[in-house]
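# Architecture at a glance
Spelled out, the chains give:
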Amino acid sequence: MKFAEHLGAHITPEWRKQYIQYEEMKAMLYAAVEQAPSEEVVEEEVSQRYFARFDEKFFTFCDKELTKINTFYAEKLAEATRKFATLKSEMDGSEYDNLTKKKVHRRKVMDLKLAFSEFYLSLILLQNYQNLNFTGFRKILKKHDKLLRNDAGARWREEYVEASHFHTNKDIDKLIAETEATVTSELEGGDRQKAMKRLRVPPLGDKQSPWTTFKVGLFAGAFVVLFIAVILSAVFHGARETNMTQDEFAVVLRLYRGPLLCILFIFLMGINVYGWRSSGVNHVLIFELDPRNHLSEQHLFELATIFGVIWTVSILSFLYAEHLDIQPFIMPAFLVLIMLIFMLNPTRTFQHDARFWSLKVVFRIFMAPFFYVGFADFWLADQMNSLGQALKDFQFLLCFYINRLSDGNWSALNVEECGFGGWWLVALVSSLPAWFRFAQCIRRYRDTKEAFPHLVNAGKYSSTLFTVVFATLNAAYGTEGSKHPFFYVWLLAAVVSSVYGYIWDIKMDWGFFTDNAGDNKFLREEIVYSSKNYYYFAIVEDFFIRFSWVYILLLKEFGSPIPMEIVVTIFSCLEVIRRFIWNFFRLENEHLNNCGKFRAVRDISVAPLDASDQQQIIKMMDEHDPRSYFRKKKILKTGVTNSLKTPLLQDTDDQPITMVANYKSIHSAGPM
């Protein structure tokens with residue numbers, strides 16, 4: 001693997017700008033060689049002057065890069081040293097907990113283990129930063145000497161790079177050794193093997209499991225074959241032998257649509273994870289996941305394809321129920337039951353940690369606003385807003401089976417029985433996703449006292465609640481021949497809600513249309529993904545799908561050539577796809593916020609900030625430059641901090657550079 005690829009695969013995404021600009025320096029060297037005057041045409045002295053001017057420019061650039069790396073390394077090392085001292089003090093404090101509070105003490109020890117685990121990961125990342133940058137300088141200066149046929153690069157490396165602070169300083173190695181010793185002796189009772197297992201750092205270059213890849217391919221192939229079989233069976237067998245009415249077809253579609261939307265969501269989530277990982281968006285940090293144990297895109301693809309196979313088998317069993325001598329309507333219930341058993345399985349199998357992490361987040365969402373709201377909480381609640389039709393379909397399924405089991409009549413099927421738009425239960429289920437986000441916004445306002453953006457965001461979800469209320473009233477009191485006044489109120493509420501949501505998407509969630517976008521017209525100053533067309537497509541696509549209710553309304557008014565339940569299914573899938581696209585840019589915006597703060601791992605603290613902690617901070621500030629402790633953070637309208645726009649190092653073009661001033665003596669000295 002070429003070093004440029006190795007560097008790109010192993011850098012810490014949040015520190016991307018603080019690494020050596022290897023590609024740019026390599027491009028400078030190749031451009032200098034290509035543009036050099038031909039030795040056959042000009043005198044040797046002219047050629048030497050040309051390369052001397054280039055070397056002065058090149059080593060000036062090297063000097064800036066070296067200063068940047070030294071400064072960043074020193075800052076992160078000082079931060080790590082302070083963090084280690086804090087963790088040690090918290091650990092010492094835990095030893096003197098009251099013996100009557102054994103449960104609290106045990107909990108604090110577990111928190112300390114987690115905190116040390118995250119801290120150790122940050123040390124490994126900093127050590128990796130140190131090694132990658134030194135290797136980058138060594139390789140680029142070697143390439144310089146090879147292309148320019150002199151040894152100025154080697155001498156510059158010996159005099160400046162090998163003597164630089166980031167290379168000669170070994171404090172990071174000492175911190176790593178001390179952390180290992182502390183966790184082994186203090187938290188794991190002297191068991192080094194157990195301690196190192198807890199501190200284990202995942203490979204910095206992600207590796208995929210061949211066995212999981214095989215299973216994804218196997219189940220994906222099976223799903224494609226079975227899905228084709230479902231379509232052919234539905235067209236040729238179902239239409240000819242089941243004699244299903246339009247109402248019966250609508251009921252069956254609603255029973256199977258909810259699981260389908262969930263499977264589609266899981267599959268697209270896998271593509272999200274792949275896109276984030278490939279583009280350097282650190283979703284593991286953003287969602288506060290365990291870097292040592294989390295789902296990859298392969299696991300999500302595997303889960304989606306397995307559920308997809310079960311879904312298609314269930315439909316085929318329904319279609320051929322008479323030949324199998326079974327009750328057809330048992331099959332949708334079995335499908336949902338299997339999915340529930342998978343999620344609620346208490347054994348430590350089938351991605352136990354990931355499943356129960358999801359269930360904890362769902363619990364906090366349902367209990368909003370009684371819990372603190374993290375990014376994962378409101379992100380998953382946003383996903384629920386796009387899965388609103390799936391929630392209504394699961395409500396329909398539950399109601400359908402309760403009614404069928406109570407009266408025993410499986411032949412009289414009517415979609416309005418459990419799906420009537422004017423029923424209060426349908427309205428309640430429809431409003432739940434918006435209510436969850438509304439309650440979360442109120443909680444975030446309570447915690448931060450910031451009216452903007454939290455109360456304004458709550459207003460967005462309240463407009464969705466009004467839309468549901470007026471749609472329910474219109475369905476309950478409206479007549480088929482004329483328009484009830486509630487219809488026009490609902491229409492106004494739907495327009496306000498869609499416009500409100502669209503503006504919030506592109507301006508607040510994605511951070512587009514900033515004043516300092518520069519070359520990224522209509523976007524923002526920094527973008528992560530490779531093509532601007534992705535962003536422009538998302539802006540247009542989000543607008544059209546946000547107003548999908550308009551197309552459904554027009555088809556209802558002027559007649560649809562296909563059943564309306566199929567139309568609703570198509571637009572429900574499009575809404576899940578819209579959210580899938582939204583996820584890319586929402587996490588990109590959050591990632592850039594983390595980049596502005598150079599935050600690469602979770603910051604886990606055990607002890608609350610009390611008076612003694614404040615005194616310790618004051619003492620540390622007396623010993624170090626206090627400016628390094630505080631980065632004033634002004635929130636932009638886009639949600640990205642000003643630290644993104646403020647370089648770590650100020651431009652030093654107008655200041656004398658000692659290394660470059662000394663360079664001339666290196667270059668003029670000739671070969672050693």
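Everything quoted here is computed from the prediction, not taken from an experiment. (Residues numbered from 1 in each chain as written. Predicted model: local features only at pLDDT ≥ 70, side-chain atom pairs only at ≥ 80, totals over all residues. Heavy atoms only, no water.)

## A word on the overall build of the protein
Secondary structure assignment for the protein yields 26 helices and zero strands. The burial tally for the protein puts 46% of its 672 residues in the buried class. Long-range contacts, defined as pairs at least 24 residues apart, comprise 76% of the intrachain contacts of the protein with a sequence gap of at least 6. Carbon and sulfur atoms make up 62% of the accessible area of the protein, which totals about 35,500 Å². (Helix = DSSP H or I, 4+ residues; strand = E, 2+ residues; numbered from the N terminus. Buried < 20%, exposed > 50% of the residue type's maximum accessible area, 1.4 Å probe, protein only. Contact = heavy atoms within 4.5 Å. Areas by Shrake-Rupley, 256 points an atom, 1.4 Å probe, with all protein chains shown as cover.)

## A look at the packing of helix H7 (residues 171-187) against helix H8 (residues 192-199)
Where H7 meets H8, the closest approach of the two axes is 9 Å, and the angle between their N-to-C directions is 125°. In terms of their interaxial angle, H7 and H8 are classed as oblique. H7 and H8 meet at a crossing whose hand is right-handed. Listed contacts from H8 to Glu180, Val183 and Thr184 of H7 are Arg192, Ala195, Met196 and Leu199. Taken together, the residues of the contact of H7 with H8 sort by class into four nonpolar, one polar and two charged. (Axes fitted to C-alpha atoms, helices over the stretch in contact; angles between N-to-C directions. Parallel < 35°, antiparallel > 145°, perpendicular 65-115°, else oblique. Left-handed = near helix turned anticlockwise from the far one by under 90°. Nonpolar A, V, L, I, M, F, W, Y, C, P; charged D, E, K, R; others polar.)

## Some details on the state of the cysteines
Disulfides are covalent bonds that link the sulfur atoms of two cysteine residues. Considering all chains together, one arrives at one disulfide under this definition. Shown here is the disulfide that connects Cys399 with Cys418, its sulfur atoms set 2.1 Å apart. The sign of the S-S torsion, about -70°, decides the handedness of the disulfide formed by Cys399 and Cys418: left-handed. Placement of the pair is Cys399 in helix H17 (residues 388-407) and Cys418 in helix H18 (residues 416-419), with a sequence separation of 19 residues. Judged by its relative accessible area of 9%, Cys399 is buried. (Disulfide = S-S within 2.5 Å.)

## Concerning H17
Relative to the 28 Å expected for 20 residues at 1.5 Å per residue, H17 spans 29 Å between its end C-alpha atoms, a close match to the ideal helical length. Regarding H17, the residues found buried are Gly388, Gln389, Ala390, Asp393, Gln395, Phe396, Leu397, Cys399, Phe400, Tyr401 and Arg404. (Expected span 1.5 Å × (residues − 1).)

## Side note on the packing of aromatic side chains
Where two aromatic rings form a pair, the distance of their centres and the angle of their planes describe that pair. In this structure the tally under the stated criterion is 51 aromatic pairs. Among the aromatic residues, those joined into a ring-pair cluster are Trp276, Phe287, Phe375, Phe378, Trp379, Trp510, Phe512, Tyr529, Tyr535, Phe580, Phe584 and Phe585. The lysine or arginine in question, Arg355, covers the ring of Phe342, its NZ or CZ lying 5.6 Å from the ring centre. Sitting above the plane of the Phe487 ring, Lys483 keeps its charged end 4.6 Å from the centroid. (Phe/Tyr/Trp six-rings, centres within 6.5 Å; stacked < 30°, edge-to-face > 60°. Lys NZ or Arg CZ within 6 Å of the ring centre and 35° of its normal.)

## Quick word on a positive patch on the surface
Taken together, the side chains of Arg138, Lys139, Lys142 and Lys146 make up a positively charged region of the molecular surface. By secondary structure assignment, the location of Arg138 is in helix H4 (residues 102-148). (Patch = residues over 30% accessible without salt bridge, like charges linked within 9 Å, V, L, I, M, F, W, Y side chains within 5 Å. Salt bridge = Lys/Arg side-chain N within 4 Å of Asp/Glu carboxyl O. Lys, Arg positive; Asp, Glu negative; His and termini not counted. Charge placed at Lys NZ, Arg CZ, Asp CG, Glu CD.)

## So, the confidence of the model for the protein
Confidence in the prediction of the protein, expressed as mean pLDDT, is 84, and 84% of residues score 70 or more. Per-residue pLDDT stays below 50 along residues 95-101; that stretch engages in three contacts with residues further than four places along the chain or on separate chains. With pLDDT under 50 throughout, residues 605-672 is counted as low confidence; its partners more than four residues away or in other chains account for 94 contacts. (pLDDT = per-residue confidence, 0-100.)

## Considering the pattern of salt bridges
Taken as a whole, this structure holds 31 salt bridges when the rule is applied. Note that Glu526 and Lys17 form a salt bridge whose closest N and O atoms lie 2.7 Å from each other. You can see Glu526 sitting in the loop between helix H21 (485-509) and helix H22 (532-546) and its partner Lys17 sitting in the loop between helix H1 (3-10) and helix H2 (22-35), a full 509 residues away along the chain. For Lys17, a relative accessible area of 51% gives the class exposed.

## Considering the environment of Pro210
On the secondary structure map, Pro210 appears in helix H9 (residues 210-241). Separated by 88 residues in the primary sequence, Pro210 and Gln298 place their C-alpha atoms 10.0 Å from one another.

## Notes on the nonpolar core
Formed by 73 residues in total, the largest nonpolar core has its most connected members in Trp276, Trp379 and Phe585. Ranked by residues supplied to this core, first place goes to helix H10 (residues 246-279) with 14 residues. (Core = buried A, V, L, I, M, F, W, Y, C linked by side-chain atoms within 4.5 Å.)

## Side note on the side chain of Arg254
Within the secondary structure, Arg254 is located in helix H10. The class of Arg254 is buried, set by a relative accessible area of 8%. A polar contact of 3.1 Å, which involves the side chain of Arg254, links it to the side chain of Asp393. With residues up to four places along the chain from it excluded, the contact list for Arg254 reads Gln389, Lys392, Asp393, Phe396, Val415, Gly419 and Glu565. (Polar contact = N/O pair within 3.5 Å; in protein donor to acceptor, adjacent residues only side chain to side chain.)

## Details of a nonpolar patch on the surface
A cluster of nonpolar side chains, Val224, Phe227, Ile228, Ile231, Leu232, Val235 and Phe236, forms an exposed patch at the surface whose accessible area comes to about 640 Å². Turning to its location among the elements, Val235 is positioned in helix H9.

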